[in-house]
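Observations on chain architecture
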Amino acid sequence: MAMADTARQAGTAQADPPAAHGGDGAEHLTQADRVRLLRAMLQMRGVEERAMSLYRQGKVPGSFYDGYGQEAVSAGAAYAMAAEDRLCILHRDLAAHLIRGVSPTRIFSQYMGRAAGVTGGRDGNVHFGDKDLGCVGMVSMLPDMMLVATGMAMAFKLRGEARCALTWFGDGSTSRGDFHEAMNWAGVQKLPVIFVLENNQYAYSTPLDKQFAVDPVQRATAYGFDGVSVDGNDAEAMFEATRAARERAIAGEGPTLIEAVTMRMHGHAAHDDMKYVPAEQVQEWKRKDPIERQERRLTELGVDVEAVRAEVAAELDAAVSEALAGPMPSPDHVLDGLFCEGEPELLGDGEAPWSGFATEGDR
Amino acid sequence: MATMTYLQAISSALRDEMRADERVMIMGEDIGVFGGAFKVTDGMIDEFGPERVMDTPLAESAIIGCAVGAAVVGLRPVCEMQFSDFISCGFDQLVNVAGKTHYRLGLAVPITVRLPSGGGFSGGPFHSQNPEAWFMHAPGIKVVAPSTAEDAKGLLHAAIHDPNPVCFMEHKHLYRRVKGEVREGVYETPFTARVARAGSDLVVIAYGAMVDVALKATEDLEGASVEVLDLRSLVPLDEDAILDSVARCSKVVILDEANMTCAAGAQVSALIAEKAFEDLDGPVVRVASPDVPIPFSPPLEQAVLPNVDRVREACRELLDY
């Protein structure tokens, strides 16, 4: 499919969405789109399972964080974003990187601190973003990237471009000042930014009732824009909410807060046995697994999901081998690149596989 | 050439940049309609409009964070902290996001943060600080501190052109007190030190408002030939110029308005101890504010900030060593 090289000017229409297919809010998705969403979630889970195994083998330094059970949040939201949109992706949102076009080999290399990793070993685990694919890598101070996304949206508005920025953050992030500052700024200036609140029930060990006194989605209203609560374990519902938010954003109607209700099914990081989570809570959410849900949908449509699984597994096994064969970074260059010299390279455009972005000729 | 105050020179640089480059925008609290707490951006909203001369919400973290976002998609934001003290509220965005992004991700963050700093006018503990050393300790941030009108303009042009985060320390006490000949149009002052007065018996190393204090304190020191080195840039620090002055003068007084511990002068002192020990004819002497908040009442404030008498006394003692 073609990727837009230049931003559309505000007010111009997008390509018409494909014909409706019905079911579970999927009216803007073709069957190929729905398979692509499954594929992104399978890739995410598969990458993280393999990375956890590499971690246990001592091949991943530091710690390891995953988004098991939350795959729909990043897959669905990222799938609604155009090539020229910009993303700040959080640490349990690997599917967004995969959808934007980061290869599994580079992700495995990143986890293992290898030269071929997205940051070349300069930052670890999920602290990355491929600038060439329109993503700014996160920092550990959550939710700092809400402000960076807000600033990108501010620039888009100032230049009259029909683009939008999206960032993810967690329930714990809603307690910090940067959450408030970003929501307020975006509301005041009516910016084309989408805030995806990934409510996965725990910030490390801290449950929701110790984090906020009101349902966080209500806060959007307090800042002067819309907030919607979405089943975060339904990739198609996440896609649809984000697609609608993006449409409003580029029409000049301002920001949206999307609360994706989900569950962190693993510990905060690899060391965390999650003893503080009641077993029945985990059991309950296990039944809502986002991948199984998408597979059931596609099976009903006659898709061979086993074939998709097999294809993804083969791709990831090959990627692990390739990453393991790659070198570690050379300490000779550890002091290089602190400062930029010369004209800066700007963010590039990412992949945007949704059929709704395809031009007529590409369909 | 035109005669300008230090403040007018800063305004002039901003105006020239806004005219020359549509990517440049100014953002901060009360900088638009009101023209800024010190009137640095007075009238600019009329010429450039409210989107490029942006009155922001009262939120320093957001000012820096949004500037980072705007910068990575192609703008050249110049942020104003109303007082440099308030950068503490935007510290995380500056240090963790702006400063580390190029090293981690290869993504440049060309933002300039203007920081009206320094004391001497009863601003009290929250409107008088010199926070430059905070940023010197954070990798990935450049720090400049002009002492003259000409350098204020030239360093601000260079800061805005620089593809990295630059903290521009503009000393409030100099705004209307310092005047000088300033070149017309856009020019860049390099991020290097400048010999403010050449000498051979002793060198006073200073920056910002302390350069003028150093010059006054040493203009008539019983015939001693005293050099004054104006650092102008703290990151990068002009090691060659410092070592060159030390080699020629052999006696060194380092002057900071900031609190003593871990100030910029402490780094200069360490550099000299490591690389110029053999050139010294006496101990390195430091003059700085003692490690207390800058007090409000004039006699208390004057007791804390370095002044001409303290510097003169320090120089005399070292010359006699």
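Residues numbered from 1 in each chain as written. Chains lettered and ligands numbered in written order. Predicted model: local features only at pLDDT ≥ 70, side-chain atom pairs only at ≥ 80, totals over all residues. Heavy atoms only, no water.

For the rest of this paragraph, the subject is empty space enclosed by the protein. Per the stated rule, a full pass over the model turns up two cavities of 30 Å³ or more. The computed volume of the largest cavity comes to approximately 60 Å³. For the largest cavity, the full set of lining residues is Ser117(B), Asn130(B), Glu132(B), Ala145(B), Pro146(B), Met169(B), His171(B), Tyr207(B), Gly208(B), Ala209(B) and Glu257(B). In terms of residue class, the lining of the largest cavity is made up of five nonpolar, four polar and two charged. Put simply, the second largest cavity is a space of about 40 Å³. In terms of lining, the second largest cavity is formed by Leu90(A), Val139(A), Leu142(A), Pro143(A), Asp144(A), Met145(A), Met146(A), Thr167(A), Trp168(A) and Phe169(A). Those elements giving two or more residues to the lining of the second largest cavity turn out to be helix 5 (144-158) and strand 2 (165-170) of chain A. Class assignment of the residues belonging to the lining of the second largest cavity gives a composition of eight nonpolar, one polar and one charged. (1 Å grid on protein atoms, 1.4 Å probe; cavity = no way out; pocket = protein on both sides within 12 Å on 5 of 7 lines; lining within 4 Å. Points joined across faces, edges and corners; volume = space filled by probe spheres on them. Nonpolar A, V, L, I, M, F, W, Y, C, P; charged D, E, K, R; others polar. Helix = DSSP H or I, 4+ residues; strand = E, 2+ residues; numbered from the N terminus.)

Attention now moves to the sheet that holds strand 1 (residues 86-88) of chain A. All names here are of chain A. Read across the open sheet, the five strands follow the order 1-2-3-7-6; overall the sheet is parallel. Both outer strands of the open sheet, strand 1 and strand 6 (226-231), are each paired with one neighbouring strand and no more. Direction aside, neighbouring strands of the sheet carry axes that sit 20 degrees apart on average. Judged from the six bridges that link them, strand 2 and strand 3 (residues 193-199) form a sheet pairing that is parallel. Counterpart to Trp168 in the pairing with strand 3 is Val196. (Pairing = 2+ DSSP bridges. Axes fitted to C-alpha atoms, helices over the stretch in contact; angles between N-to-C directions.)

Further remarks concern the packing of helix 4 (residues 104-111) of chain A against helix 11 (residues 305-325) of chain A. Residue and element names in this part refer to chain A. Between helix 4 and helix 11, the least distance of the axes is 8 Å, while the angle of their chain directions is 45 degrees. Viewed along their axes, helix 4 and helix 11 adopt a mutual orientation that is oblique. You can see that helix 4 and helix 11 cross each other, and the crossing is right-handed. Two secondary-structure elements touch here, helix 4 through Pro104, Thr105, Phe108 and Ser109 and helix 11 through Glu315, Leu316, Ala319, Val320, Glu322 and Ala323. A class-by-class count of the residues in the contact of helix 4 with helix 11 yields six nonpolar, two polar and two charged. (Parallel < 35°, antiparallel > 145°, perpendicular 65-115°, else oblique. Left-handed = near helix turned anticlockwise from the far one by under 90°. Contact = heavy atoms within 4.5 Å.)

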